[in-house]
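# Observations on the model geometry
Here are the chains, one letter per residue:
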Number of protein chains: 4
Amino acid sequence: MPFDALFVPPPLREAVSDEAWLRALLEAERALAAAEAGVGVISMEEAEAVAAACAGTFDAAALAEEGRRVGNPVEPLVRALREGAERAHWGATTQDMLDTASALVARDAGVLVLAELGGLAEACATLAERHRGTVMAARTLLQQAVPTTFGLKAASWLVGVIHMRGRLERAVRLPAQLGGAGGTLAALGDRGTDVLRAYAEQLGLSEPVLPWHTRRLPVAELGSELAVAASFAGKIALDLALLAQTEVGEVREPADGGSSTMPHKRNPVGSTLARACAARARAAAAELVAAVEQEHERAAGAWHVEWGALSDALAFSGGALAWMRETIAGLEVDEERMRANISPGVLSEAGRFGIDASEPADYLGAADAFVSRALDLYARER
Amino acid sequence: MPFDALFVPPPLREAVSDEAWLRALLEAERALAAAEAGVGVISMEEAEAVAAACAGTFDAAALAEEGRRVGNPVEPLVRALREGAERAHWGATTQDMLDTASALVARDAGVLVLAELGGLAEACATLAERHRGTVMAARTLLQQAVPTTFGLKAASWLVGVIHMRGRLERAVRLPAQLGGAGGTLAALGDRGTDVLRAYAEQLGLSEPVLPWHTRRLPVAELGSELAVAASFAGKIALDLALLAQTEVGEVREPADGGSSTMPHKRNPVGSTLARACAARARAAAAELVAAVEQEHERAAGAWHVEWGALSDALAFSGGALAWMRETIAGLEVDEERMRANISPGVLSEAGRFGIDASEPADYLGAADAFVSRALDLYARER
Amino acid sequence: MPFDALFVPPPLREAVSDEAWLRALLEAERALAAAEAGVGVISMEEAEAVAAACAGTFDAAALAEEGRRVGNPVEPLVRALREGAERAHWGATTQDMLDTASALVARDAGVLVLAELGGLAEACATLAERHRGTVMAARTLLQQAVPTTFGLKAASWLVGVIHMRGRLERAVRLPAQLGGAGGTLAALGDRGTDVLRAYAEQLGLSEPVLPWHTRRLPVAELGSELAVAASFAGKIALDLALLAQTEVGEVREPADGGSSTMPHKRNPVGSTLARACAARARAAAAELVAAVEQEHERAAGAWHVEWGALSDALAFSGGALAWMRETIAGLEVDEERMRANISPGVLSEAGRFGIDASEPADYLGAADAFVSRALDLYARER
Amino acid sequence: MPFDALFVPPPLREAVSDEAWLRALLEAERALAAAEAGVGVISMEEAEAVAAACAGTFDAAALAEEGRRVGNPVEPLVRALREGAERAHWGATTQDMLDTASALVARDAGVLVLAELGGLAEACATLAERHRGTVMAARTLLQQAVPTTFGLKAASWLVGVIHMRGRLERAVRLPAQLGGAGGTLAALGDRGTDVLRAYAEQLGLSEPVLPWHTRRLPVAELGSELAVAASFAGKIALDLALLAQTEVGEVREPADGGSSTMPHKRNPVGSTLARACAARARAAAAELVAAVEQEHERAAGAWHVEWGALSDALAFSGGALAWMRETIAGLEVDEERMRANISPGVLSEAGRFGIDASEPADYLGAADAFVSRALDLYARER
């Protein structure tokens, strides 16, 4: 997409690039040969030849271009590998390699996404602790309601981020794929399940109960979790953009955000780009959920959507989280303005409940207790 | 929606109806008063008055109509309750009740959805067992590839259904909601967290770490799981519709599916309606994911999307699963046609792998082993 | 959906109800018989019998329930009609009637949606005219940028509403559908195209070049236009909700919007519900676009999505527009607050461009000229 | 996205690349200066300096990277331009340039998309003409229903393609954008509307009634049209993939589609990739529709979604159409198989309608007349 360096950090862009997918394909081919050699389906020499071929240099764009003839980039890759290693891709099908590659890409990009979640949790925890006594207005339907604390707001962000980190840790673990042309591993005779186990071990991926060529639940679930995580980053971003409004002025983003002709402006750059990333991640995830409807033993189209959609979901979810991690970590909080903005009306319900509140800090109920609960959770889950 | 009886079974339609939501709201109000009485915030008599008021008769449509003035149906309900029970809704906010109602609706509708998943699993397991020796063509990109068995196809459905049942069992458990006007439970003074715990216990719902008025992760996740489950029902439906084609004729649906003027037709009614339901469930889920971006302490719009979208996601996901449960349970399988349809080409790769396959059954690799793995999993997870 | 009276005005809910669809089906059956009698395919007496049968009373829910057997509600309806009118549905297929019904439903609901657009345009024009001299801050990325007028803001809404009204006027005109079992009108022998023309005339619908059973472009386009219109209502709602914030206070919605325990609050009810409606309309429209992928001569599922999705798109788009029409028409505008909110920085760029602006009204450029352009356009398009 | 050369033709990928966007930005800056010089706002020398600066070499990726500081790539570009041309970007705002660039990108990529639609129309017309007498089974709900002709099937594709070409021709014409910091053109004093007119003329784009910074209807509509067109390509692809099934075998795609180990397979490569492209185009379009909700005078996030989403919508819609154009143009049609596949049941309803049909060709009704209507339409619209 145009100007993607604005949205997604360079390491994450690299982790879902053509080159990363190609590396993952080569790793899958290498692991297959190694597993087959271990089980005795091919010889050690043949496996070494495959490993040597996989160490070669290939051009992802050229493979894709060449792949137009057959509808995928693996067939030309395998043809090239077989020039030096006859037993490359032995008994496997194109989708075995591409699905396994998607698992490797998800794992590697997932490390980066999870690191953003970890950093964001830390930044939220710091704010929650620091501002547990910072009173501000709670706003419902964009109207001031009753007092709250900025610490509680940050604590709620924290709880959401912890939750998503736990879910994503599990979701990024896609299983290895190996089923052969029809999902029966027929070409491996009676050694199919042995090779499958060894292959998954080689790759450090989990072994599926049976091939999942058209049982795409883990991919759709990963997409959904990424979209939910990105949208939660979007929620934090929305809060920040609203708090940073000229008329509210309770926070300022760390980024420059300057306007060349309007020096008074400090744009909420991180929040803006995080929300854009979140919208893009959601669109990609919706594609992955719809792509669950894959017919028979290999789908004519729905599967092919996944490569790009999964890459986008990872990249944009990571982009949203990265922007929020950076923004929250450097957020300028104006405690005075928070206090000054509170309208007198926020105490209007207190009397009705028999609470004598002469100022906002008198009417905070369980706010601080909730902050403690959130920080305790973080201490346990860290 | 028009003709919804076509798509969603009556009990499930009822479980997400206006009336079900109203019942859930009344249950939440009753539980709140009971919890508050237990903790000593209000008296037992006051709680009994609330319970009595909640046992009254209300008109959901009228409450909605009246609610246009304030933007929700709870305010008019509470006003009515307070005519007989002054302490109704004590210290709570509209969203506390609606969110808790959504948890109760999800739980009750969830029971029905899970029952469909259970029935579908059983039906798939039966097919997998019965047809583990029924040879047919595996089809990739809608072309015959190599042999497989219908048992393996059913086993793969089974594994997916088991997986989704486990995920949905967890996802339908939304927590109780109680936060008061700004999420601080300020109106309850220092008894807020005690009331929260008692309230969740009263309802049999889990207690959140802190109020989740704008931390909508569980709702979005439930929506996503429902969409994925519905889409997997859609995958099974797609397989069936393709197998039922005139030119393939390997299965027939149990439903009548007749055409008045074309007696030769037997339409795949269940598959057709399951796929329609799946598409609708996905749309509803996408709304729930986008609705994660809720600002501040209560959102002006994103939250209001959820009531209908969650209801739709539950109804249409359940509808898709119900159609597949019924269809798979009564499926007519034409084993002869499966065998007869196999094209000679499906053995073409066998020789290359040194396998002497003179007929399709000779080239099935791990197909039967995979069926066993699926059935073992089912035995463990049942 | 639960509490739908909150979202969609009663006449519009009625216009997409089961009953409205049933009426439209009966109108289509009646028109078919009349057209066939006119062309001489059936007798006048037979057509009168059909008309009489169509004037009977039917139960939409029961037809849907009965239709589960065959996958649609038309087959049971036709069976009932034929008890009194043998030539009912002569030569037609189920989809002919349902698609024509969708055209009639779209036309009738469309009248209501267009009326909301008309009322909204009028309300925007009134604001644009009245407030062409009301200076306020233009806000970019939620930061005050330079001065503008509230009249220009309203003028921009107006231009968008006019644009959408023109587009929707065209889009709600779905063509009549008549193709028979396979889209060839074979059952009508050589009178097929004559009947098609007469049928479309009877209904006051346009005649398609050829049957559009699986060429769903007009349905998808109508859905898209409805979603775009709803989203533009959502844009206006978003502006209003932001302007109505406690800290901004430049507008107040006419609706009560009160909170029982917090009398200081005036919630932006209309904006809130309009945005919720817009999100729901978008989801429905996305289903209609995806449903363009309909196979062969009648789709097994994608078509069945349309009935509910089109109904939802019409209802929620109309709901969003109705809420904005009502809200804009009664909007309270606080001109003093608009002026007072303007921060000094909004003039900071003026000097750079050689403009001597000592107060915001001095730095408005073409704002008033743009308002005139918008009002001129409205005068022409009214 | 990974392996995008598989999906999108190289010229179209280039037309939405970073480099294309950068060229368009430079063209917008150049045109602005030229227009301002024409109107007398800046001098001819100043405009020439801008033109010279715009002829320089820039690095889109570096601008994006640098733009992270301010949230867009234009600010760094303008800073660079101003080193050589003080009056570059005079009176404009970042969004003026990016929106105008989007109009130029849409126009240029649109030429390519429209060319694919034109080629696809021609290919469909050829099939319709050639096969107007080729009898085959019409299939409804994937069951054979009555006879039709392959010519009529192609004619229906043709009518849809013609329709979409007309709609896209209009939709790709986004207006020029010029509004300055707040949409008032204040920096241009009383010359704002003159500059706007001259600027649009310079660019060959239409002049908007007033700036459309947050009135995003044309962008959303373009996205929707692209998604609908792509989905209609997806419909054709779905038909082809089904017709190409091993068990049906009525068409074969021209692409190689071979499998290295299964020589009997001829995969429907074009249909497969077209359907994948269509799904991706729909996701991008849905983002553009949701992005209509842009607040105030410039949105903090929703606008930023558009650059990538519009690029994706153009690329994938064009990719879907290109694959179908190529596939239809080279399609192998097996007329014998079409005839042989027809099941006897397809004549079962004929007798009921008093038609004496002893073979399928006797029961075609208006099929040929419809083909003529489609070809006549094509002759008129070409």
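Report follows, based on the coordinates. What you are looking at is a predicted structure, and each value in this text was computed from that prediction instead of being measured.

Rules used throughout
- Residues numbered from 1 in each chain as written.
- Chains lettered and ligands numbered in written order.
- Predicted model: local features only at pLDDT ≥ 70, side-chain atom pairs only at ≥ 80, totals over all residues.
- Heavy atoms only, no water.
- Contact = heavy atoms within 4.5 Å.
- Buried area = accessible area lost by both parts, 1.4 Å probe.
- Salt bridge = Lys/Arg side-chain N within 4 Å of Asp/Glu carboxyl O.
- Polar contact = N/O pair within 3.5 Å; in protein donor to acceptor, adjacent residues only side chain to side chain.
- Helix = DSSP H or I, 4+ residues; strand = E, 2+ residues; numbered from the N terminus.
- Nonpolar A, V, L, I, M, F, W, Y, C, P; charged D, E, K, R; others polar.
- Least-squares fit on C-alpha atoms with pLDDT ≥ 70 in both.
- Patch = residues over 30% accessible without salt bridge, like charges linked within 9 Å, V, L, I, M, F, W, Y side chains within 5 Å.
- Areas by Shrake-Rupley, 256 points an atom, 1.4 Å probe, with all protein chains shown as cover.
- Lys, Arg positive; Asp, Glu negative; His and termini not counted.
- Charge placed at Lys NZ, Arg CZ, Asp CG, Glu CD.
- Buried < 20%, exposed > 50% of the residue type's maximum accessible area, 1.4 Å probe, protein only.

At the interface, 30 residues of chain B touch 30 residues of chain D. Here chain B meets chain D over a buried area of about 2,700 Å², counting both sides, of which 53% is carbon and sulfur. Applying the counting criterion to the chain B and chain D interface returns 2 salt bridges. Put simply, Glu247 of chain B and Arg139 of chain D hold a salt bridge, and the shortest N to O gap is 2.7 Å. Scanning the region where chain B abuts chain D turns up 9 residue pairs in polar contact (both at pLDDT 80 or more). Of all elements in the fold, only strand E1 (135-140), strand E2 (143-149) and helix H9 (217-243) of chain B reach the threshold of two or more residues within the side of chain B that touches chain D. The biggest single contributor to the side of chain B that touches chain D is E2 of chain B, with 4 residues. Of the residues contributing to the side of chain B that touches chain D, the split by class is 12 nonpolar, 12 polar and 6 charged.

For the rest of this paragraph, the subject is the relation of the copies chain B and chain D. Here the two chain copies are tied together by a rotation about an axis and a shift along that axis. After a rotation of 180 degrees and a shift along the axis of 0.0 Å, chain B superposes on chain D with an RMSD of 0.0 Å. What the superposition gives is, in effect, a two-fold axis relating one chain to the other. Considering only C-alpha atoms, the part of chain B nearest the rotation axis is Glu247 of chain B, at 3.1 Å.

The grouping of Arg170 and Arg173 of chain A together with Arg170 and Arg173 of chain B at the surface amounts to a positive patch. Residue position: Arg170 of chain B is located in helix H7 (residues 150-171). According to the relative accessible area criterion, Arg170 of chain B is exposed, its value standing at 54%.

Taken as a whole and assessed by the stated rule, the structure comprises 124 salt bridges over all chains. With a shortest N-O distance of 3.1 Å, Arg79 of chain D and Glu66 of chain D are connected by a salt bridge. On the criterion of sequence distance, the pair formed by Arg79 of chain D in helix H5 (residues 74-84) and Glu66 of chain D in helix H4 (residues 60-67) is long-range, its members being 13 residues apart. Residue Arg79 of chain D is classed as partly exposed on the basis of its relative accessible area of 39%. With a relative accessible area of 36%, Glu66 of chain D lands in the partly exposed category. What you see here is one network of salt bridges that share partners, running through Arg167, Glu221 and Glu225 of chain A together with Arg167, Glu221 and Glu225 of chain B.

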